[in-house]
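Residues per chain are reported as follows:
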Amino acid sequence: MANTDLSILLEKGLRSTYLEALNDTSTPLLSNISSVISSNSADEKFPWLGESGAMSSFPKGSSRQISQLTEAALTATPQRYASTISISRLDYEDDTVSGVSLRVAQMAQQAGRFKDALCAGVINSNAACYDGQPLFSETHPARGEQSAAQSNIVAGSGTTAAAMSEGIHKAVEKLRLIKDESGNAYHGELAGSLCCVVPPALESAAMEVLQSSQLDSSSNVQQARAQLIVSSQLSGDPSDWY
């Protein structure tokens, strides 16, 4: 077999190895707390034209009630990332492809985990949102029919399981009170949509709160309330959870 033919076959095989390992890599942050949008230009402008208007009565012969959408936008510049290794042709030809495949699979796993690292980076930096406020803020400005600024921060009372249970209760209550631009509950009924993201230091307490049937010798009302995601990428205050 010619060297060119061998290179083509190996390239196809390694590409398959890479894609298979990439698809098998778990990305809990990317999969649960983010939206993936394709980009085809140097700068992407995402127009946030406000939430859809609330449903209203529309009897036959009547006029529609038209909701005015507020205007806001977020411009993002796509970034390129790479990881590169060099492999000699002799390694190909000396029957060491299995070792090369292993290294390629490791590269794919690192690439997959890097997506979660980018998500964690947004949390760690508390990056600015489309409304100009940090992601976590007590003063997200009112828009549309919202009557006042809104907060998505809950003050914790400690890192014990009991304190975290109380914090989850307060967080869920606050999520239910957040309004959309029509003045309705933004998050609906929250059915099956909650995730609790914690650093490794809070894994034990979070598991006790979200997965145990008993808490402090009493029935645990927070059991299965949210999906638990433990991220070693979180680098902020070890007592903070999201």
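Residues numbered from 1 in each chain as written. Predicted model: local features only at pLDDT ≥ 70, side-chain atom pairs only at ≥ 80, totals over all residues. Heavy atoms only, no water.

Novice: What's the story with the overall build of the chain in this structure? I'm lost.
Specialist: Within the chain, the secondary structure is distributed over 6 helices and 6 strands. Element order for the chain, N to C, with α for helix and β for strand: α-α-β-β-α-α-α-β-α-β-β-β. Taken across its 242 residues, the chain has 23% of its residues classed as buried. In the chain, once contacts between residues fewer than 6 apart in sequence are set aside, the share between residues at least 24 apart is 63%. Summed over its atoms, the accessible surface of the chain is roughly 16,000 Å², and 50% of this surface lies on carbon and sulfur atoms. (Helix = DSSP H or I, 4+ residues; strand = E, 2+ residues; numbered from the N terminus. Buried < 20%, exposed > 50% of the residue type's maximum accessible area, 1.4 Å probe, protein only. Contact = heavy atoms within 4.5 Å. Areas by Shrake-Rupley, 256 points an atom, 1.4 Å probe, with all protein chains shown as cover.)

Novice: Got a minute to help me understand the pattern of salt bridges in this structure?
Specialist: Summed over the entire model, instances satisfying the criterion amount to 1 salt bridge. We note a salt bridge from Lys-170 to Glu-166, for which the minimum N-O separation is 3.4 Å. Here Lys-170 pairs with Glu-166, and both are found in helix 5 (residues 161–177), just 4 residues apart, close to one helical turn. Assessed through its relative accessible area of 34%, Lys-170 is described here as partly exposed. (Salt bridge = Lys/Arg side-chain N within 4 Å of Asp/Glu carboxyl O.)

Novice: Even after reading the chapter, I still don't get unusual backbone geometry, so can you show me in this structure?
Specialist: The general pattern is negative phi for most residues beyond glycine and trans for most peptide bonds. Of note in the backbone geometry, Asn-126 takes a positive phi value of approximately 50° without being a glycine. Note on placement: Asn-126 falls in the loop between helix 4 (97–125) and helix 5. Overall, the relative accessible area of 25% leaves Asn-126 in the partly exposed class. At Asp-216, a position not held by glycine, the phi torsion is positive, near 55°. Here Asp-216 is to be found in the loop between strand 4 (214–215) and strand 5 (218–219).

Novice: Can you help me understand the environment of Asp-240 in this one?
Specialist: Take Asp-240: it is sitting in the segment after strand 6 (227–230). Classification of Asp-240 as partly exposed rests on a relative accessible area of 34%. With 43 residues separating them in the primary sequence, Asp-240 and Val-197 have C-alpha atoms 9.3 Å apart. Those residues in contact with Asp-240 that sit more than four places away from it in its chain are Pro-199 and Leu-202.

Novice: Explain the environment of Ala-142 to me, please; I cannot follow it from the model alone.
Specialist: Note that Ala-142 resides in the loop between helix 4 and helix 5. Taking the relative accessible area as the measure of exposure, Ala-142 reaches 37% and is therefore partly exposed. C-alpha of Ala-142 to C-alpha of Asp-180: the two residues are 38 residues apart in sequence and 9.4 Å apart in space. Those residues in contact with Ala-142, other than ones at most four positions away along the chain, are Ser-147, Ala-148 and Ala-149.

Novice: It is not clear to me how the packing of aromatic side chains should be interpreted in this structure. Could you clarify?
Specialist: What describes a pair of aromatic rings is the distance from one ring centre to the other and the angle between the planes of the rings. With the rule as written, the count across this model stands at 2 aromatic pairs. Taken together, a centroid distance of 4.7 Å and an interplanar angle of 65° make the contact between Tyr-81 and Phe-114 edge-to-face. Within this pair, whereas Tyr-81 is found in the loop between strand 2 (72–76) and helix 3 (89–93), its partner Phe-114 is found in helix 4, the two being separated by 33 residues in sequence. Considering the side-chain rings of Phe-136 and Tyr-242, the 5.2 Å spacing of their centres and the 35° angle between planes classify their relative orientation as tilted. Highlighted residues: Phe-136 in the loop between helix 4 and helix 5 and Tyr-242 in the segment after strand 6, separated in sequence by 106 residues. Judged by relative accessible area, which is 24%, Phe-136 ranks as partly exposed. (Phe/Tyr/Trp six-rings, centres within 6.5 Å; stacked < 30°, edge-to-face > 60°.)

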